[in-house]
Amino acid sequence: MAVIGIIGGSGLDNPDIIKNAKDSIITNKWGEPSSPVKSGTISGTEVHIIGRHGREHTIPPTYVNNRANIQALKDLGCDYILATTAVGSLKEEIDRGHLVIIDQFIDFTRRRDLTFHETFEPHTPAHTPMAEPFDNFLRDKMSESCRDLGITTHDKGTVVTIEGPRFSTRAESHMFRAWGADIINMSTAPEAILANEAGIPYAAVAMSTDYDCWKTDEEPVTWDDILKNFQENAQKVTSMLIKTIEKIG
Ligand code: ADE
């Protein structure tokens, strides 16, 4: 039976969804994960959930300890990692509330710890392939779950991850569109990189909450917009993850 790690997790902390839930405070070589790990079962499958920005959303994107998060899930024996993320849309057709099953990233972060390999073993450099950083088996299960539930979903999309915590300038937003990015956030690239280095299949579902600032017939994005749209649509992400876990489990 598969063991599943979840990062993001808004809504999944609900004790009605996760059975026999127990919180553990964990430390590993890389420090403390962003939140206590909530462990239990969903539809009979063992799950371990980490809140990326902490339970009270106190950790800005730059300071999320991605290495401790991924290491904790590895040490707990997770076979797969499913992540959730709020994103801005860089494409007209990705409307607020739509989900995107991410298949590529562009890493535009500048100040993150992006590797477990701080030194190489003699004559064994570790250069992890990253051509397809999101696991296709998990992505297919996520897409199927969205279809089963009738949720408007884009089966692929390139995310550009920026350093934040500020939002982009309009020039940057136009540049990311010109680069071919479909959505924008502040979290996915480092997490995907480290999950790949750790050898754990990883997939992320993005929920579009805003149109960033390239779209001049809209007001530029604010945090209040993101929060409002996220709360209105969080149930979609939760039910889709539960269905995905059932399919994998
Ligand atoms: N997360 C949600 N919307 C975003 C945006 N427009 N830019 C960066 N991160 C985001």
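All values reported here derive from a predicted model rather than from experimental measurement.

## A look at the UniProt feature "binding site: substrate" (unreviewed entry) in the protein chain
- Those residues carrying the UniProt feature "binding site: substrate" (unreviewed entry) are Met186, Asp210, Tyr211 and Asp212 in this numbering. Lining the largest cavity, from the residues just named, are Met186.
- Inspection of the secondary structure assignment puts Asp210 in strand E11 (residues 202-210).
- Judged by relative accessible area, which is 4%, Asp210 ranks as buried.
- Excluding its chain neighbours within four sequence positions, the residues that come into contact with Asp210 are Val87, Gly88, Ser89, Arg96, Val221 and Ile226.
- Looking at the secondary structure, you find Tyr211 in the loop between E11 and helix H5 (223-248).
- Look at Tyr211 and you get buried, because its relative accessible area is 6%.
- Contact partners of Tyr211, with chain neighbours within four places excluded, come to Ser89, Lys91, Glu92, Ile94, Asp95, Arg96 and Glu218.
- Polar side-chain contacts of Tyr211 include one of 3.4 Å to the backbone oxygen of Ile94.

## A closer look at the UniProt feature "site: Important for substrate specificity" (unreviewed entry) in the protein chain
- What UniProt calls "site: Important for substrate specificity" (unreviewed entry) maps, in this numbering, to Ser168 and Trp223. The greatest C-alpha distance among the annotated residues, which extend across 56 residues, is 12.7 Å, indicating that they converge on a single site. Of the annotated positions mentioned, Trp223 line the largest pocket.
- Among the structural elements, Ser168 can be located in the loop between strand E9 (158-162) and helix H3 (170-178).
- For Ser168, a relative accessible area of 10% translates into the label buried.
- When near neighbours in sequence (up to four residues on either side) are disregarded, Ser168 contacts Ile162, Ser173, Phe176, Ile184, Asp212 and Cys213.
- Considering the arrangement of structural elements, one finds Trp223 in helix H5.

## What about the site of the ligand?
- Taken together, the neighbourhood of the ligand is formed by 13 residues, with Ala86, Gly88, Asn185, Asp210 and Asp212 sitting nearest.
- Between a nitrogen atom of the ligand and a main-chain N or O atom of Ala86, the distance comes to 3.4 Å.
- Residue Gly88 places a main-chain N or O atom 3.1 Å away from a nitrogen atom belonging to the ligand.
- In isolation the ligand exposes 260 Å². Once the protein is present, 95% of that is buried.
- Taking a 2 Å distance to the grid points as the criterion, the majority of the atoms of the ligand fall inside the largest pocket.
- Looking at the shell around the ligand, the elements with two or more residues in it are strand E5 (80-89), strand E10 (183-185) and E11.
- At three residues, the largest contribution of residues to the shell around the ligand is made by E5.
- Partitioned by chemical class, the residues of the shell around the ligand number eight nonpolar, three polar and two charged.

## So, helix H4 (residues 188-198)
- Extensive coverage of H4 is indicated by the burial of 10 of its 11 residues.
- Restricting attention to buried positions, one finds in H4 the residues Thr188, Ala189, Pro190, Glu191, Ala192, Ile193, Leu194, Ala195, Glu197 and Ala198.
- Just downstream of H4, Gly199 is the residue with a positive phi angle, here 75°.

Each value, and the rule that gives it
- Residue positions are counted from 1 within each chain, in the order its sequence is given.
- Residues qualify for local features only when their pLDDT is at least 70, as the model is predicted, and side-chain atom pairs are given and counted only at 80 or more; totals for whole chains, interfaces and linings, by contrast, use all residues.
- Side-chain descriptors were evaluated using all non-hydrogen atoms of the structure, hydrogens and water having been removed beforehand.
- UniProt positions are given in the numbering used here, feature names are shortened, and annotations may be inferred rather than shown by experiment.
- With a 1 Å grid laid over protein atoms only, a set of points is called a cavity when a 1.4 Å probe fits there but cannot get out and a pocket when it is open yet has protein on both sides within 12 Å along at least five of seven lines; lining residues have an atom within 4 Å of a point.
- Secondary structure elements follow DSSP: runs of H or I of four or more residues count as helices, runs of E of two or more count as strands, with numbering from the N terminus.
- Between buried and exposed lies partly exposed: a residue is buried under 20% and exposed over 50% of the maximum accessible area for its type, with that area taken using a 1.4 Å probe on protein chains only.
- We call two residues in contact whenever any of their non-hydrogen atoms come within 4.5 Å of each other.
- In protein, a polar contact requires one atom able to donate a hydrogen and another able to accept it; more generally it is a pair of N or O atoms within 3.5 Å, and residues adjacent in sequence count only if both atoms are side-chain atoms.
- Throughout this document, a residue counts as near a molecule or strand when at least one of its heavy atoms sits within 4 Å of that molecule or strand.
- To measure how exposed things are, a 1.4 Å probe is used in the Shrake-Rupley method; for residues, cover is taken only from the protein chains shown.
- If over half the atoms of a molecule are within 2 Å of the grid points of a cavity or pocket, the molecule is regarded as sitting in it.
- In this classification, Asp, Glu, Lys and Arg are treated as charged, Ala, Val, Leu, Ile, Met, Phe, Trp, Tyr, Cys and Pro as nonpolar, and every other residue, Gly included, as polar.

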